[in-house]
Amino acid sequence: MAEGMLKQFIERRNFLNWFLGTTAGAFVFSVLYPLSRYLTPPPVAESTARSVTLSLKPKEVKPNSGQIFRFGSQPGILVKTQAGELKAFSAACTHLACIVQYRSDISHIWCACHNGHFDLNGKNIEGPPPKALEEYAVNVRADQIVVSKKS
Amino acid sequence: MIRATSRGFLWLGIAVILFLPLPAIGQQQVENCAACHQALPDGRLAEPAKQFVGDIHAVKGFGCVSCHGGDAPDTEMSAMNPAKGYIGKPTGTKIVDVCGRCHSDARFMRQYNPALRVDQVTEYYTSVHGRRLKEQKDSKVATCASCHKPHSIKAPSDPRSSVHPLHVADTCGSCHANAEYMAPYKIPTDQLANYKKSVHWRMMANKGDLSAPTCNDCHGNHGAAPPGISWVGNVCSQCHAVNGELFSKSRHSQVFVQMGIPGCATCHDNHQILETSDELIGTQDKAVCTRCHTGEDRGGKSAAAMRAMIDSLRQEYDKAHAILLKAGHAGMEVSQPEFDLNEAKTALIKARAAIHAFSVVTLKKEVDPGLQVSAKAYAGGLKALEELGFRRKWLAVSAVIILALIVGLVLKIRQMESAQKGSDKEGV
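Everything quoted here is computed from the prediction, not taken from an experiment. (Residues numbered from 1 in each chain as written. Chains lettered and ligands numbered in written order. Predicted model: local features only at pLDDT ≥ 70, side-chain atom pairs only at ≥ 80, totals over all residues.)

1. As for the environment of A:Pro128
Here is the rule we go by: Secondary structure elements follow DSSP: runs of H or I no shorter than four residues count as helices, runs of E no shorter than two count as strands, and numbering proceeds from the N terminus. Note on contacts: residues are paired as contacts if their backbone-placed C-beta atoms lie within 7 Å.
The topology assignment puts A:Pro128 in the loop between β8 (124-126) and β9 (135-141). When the C-alpha positions of A:Pro128 and A:Arg12 are compared, they lie 81 Å apart, and in sequence the two are 116 residues distant. Ignoring sequence-local partners within four residues, the contact set of A:Pro128 consists of A:His95, A:His114, A:Gly116 and B:Cys239.

2. Looking at the confidence of the model for chain B
Going by this rule: pLDDT is a residue-level measure of predictor confidence that goes from 0 to 100.
Overall, the prediction assigns chain B a mean pLDDT of 90, with 93% of residues at 70 or greater. Two summary scores accompany this predicted model of the complex, namely pTM at 0.79 and ipTM at 0.81.

3. A short note on the pairing of β9(A)
Residue and element names in this part refer to chain A. Just so we agree on the cut-off: The rule for pairing is simple: two strands pair if DSSP sees at least two bridges between them.
Here two bridges tie strand β4 (residues 86-90) to β9, and the two strands are oriented antiparallel to one another. When the sheet's bridge partners are listed, Ala-88 is paired in β9 with Tyr-136. Note that β9 and strand β10 (residues 144-149) share six bridges and pair antiparallel. Bridging from a neighbouring strand, Tyr-136 pairs with Lys-149 of β10.

4. Digging into the sheet that holds β8(A)
Residue and element names in this part refer to chain A. As a reminder of what qualifies: All axes here are fitted lines through C-alpha atoms, helices being fitted over the stretch that makes contact, and every angle between N-to-C directions spans 0 to 180 degrees.
Reading across from one edge, β5-β6-β7-β8 is the order of the four strands in this open sheet, with antiparallel pairing throughout. With one partner strand each, in any of the chains shown, β5 (101-103) and β8 form the two edges of the open sheet. Between one strand axis and the next, the sheet turns through 40 degrees on average, direction left out of account. In this structure, β5 lies alongside strand β6 (residues 108-111), joined through three bridges in antiparallel fashion. The residue of β6 that forms the bridge with Arg-103 is His-108.

5. A closer look at unusual backbone geometry
Residues and elements named next belong to chain A. A positive phi angle, close to 60 degrees, is found at Asn-64, a residue other than glycine. Note on placement: Asn-64 falls in the loop between β1 (51-53) and β2 (65-71). For Ala-97, which is not glycine, the phi dihedral falls at a positive 70 degrees. With respect to the element layout, Ala-97 can be found in the loop between β4 and β5.

See below:
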């Protein structure tokens, strides 16, 4: 009788040890897996709400050219003037939010949807856009271009 | 004899106007006109003198005699002696002559506003107003003083000016919306009411967009006239350049001229230009294409096809936008597909403009890239939601694991406690 109880006690103890070991292992895995996912960089770098570091290097941007970049979920346009000054603006046209582009032939930022023109201060100078493009601050830090929202 | 005398007076009048004194720059004239006129009990004579204080001409140093002539320093009634150049209240062509004496003089105007045009009088005589005044001696037509309120003239950029963009429509409407006044001309008088229902007026009045067009932007200001049927498109394309260019190259451009109907206004109306929608194209209820086409003819079929293409792009865009919104609200990082979807929105707007080429092939070139971008963005949203489902599922699993671990630990503690008690009893 006592031997049977002892056997049952030992079996129960073994099961409990196995149960504890398994759940502890699963717990460790459930902690480590999200941790490893968190530490793995995402395919595309996220930008903060107020600033973004571009993947371009300052030397790669030619004078009298412009490039679209991602500012969060919104498009921005980086322009290098003929004088070599870097400028950045929101690339959403103030008319109907089409993505604008840089026209090197006239040195204007131009919207192809309805022929809206902006000068290199972002000011609407021709066509239907009712107001200027929002201008961003451009800073070159070491070999990186950092674009930030003003104020 | 009488005719010769009238002609003599006419020449005398012109000579007087031509030799009215031009004030030197910045030199305030000694004027006694206002001193008497402001105190007169007759408002008709007193008000102009009171109002003139704020007039742009008064601010620049011009006085009453600049337009009315006479002898400013003279404090008596003799100041208003025609022999001293006094012309009284000018009317008709004399108003144009008085204003044009300075405003058509480039050298003179340069001293005050070098950028101001000096061809207003020339333009005026090309307008319907000017032609009727000159050729038909119609005294009811607008002259300078009808739009630029005499004695309280302000620069057009001044919000108090009768020709400030916000006030132009009402200024024109003061005659053109007056059915009684316009009765002899037998033209509609609903332009002002219709214009105030238009998207142009809404943009100007409600959104404060002063670049939105008002009467003078389409009709001209000093040379005001209705646009001709063949060149309405040129007028609209001053702002709607892309649509205008596509239309001018389309088959409709020539056909409309042959049919004697205006370009843009046939589909969009002239004064009551409402905000456009995709419903305007096609062969359904609100489609304007059905004014000429049926669903069975070639044009009607093209219109239906173009409507289907626009609808499909809009629906795909909306679908992608909705799923990205849902994923974003659930906390998923979807800024990349959201960024990509901007391209689809651009494609949709360009496609709406491309309708003005009235070509299925042209429209397809804009729609297809938009559909591809929308599909890619939708897939991005779907992937984000799948990731969300995965995370939620494994969160539940890990919660069960943690719970099981707690239960296991509790049982182990109890087991250890009971084992401890057992060994204590055996020891006793």
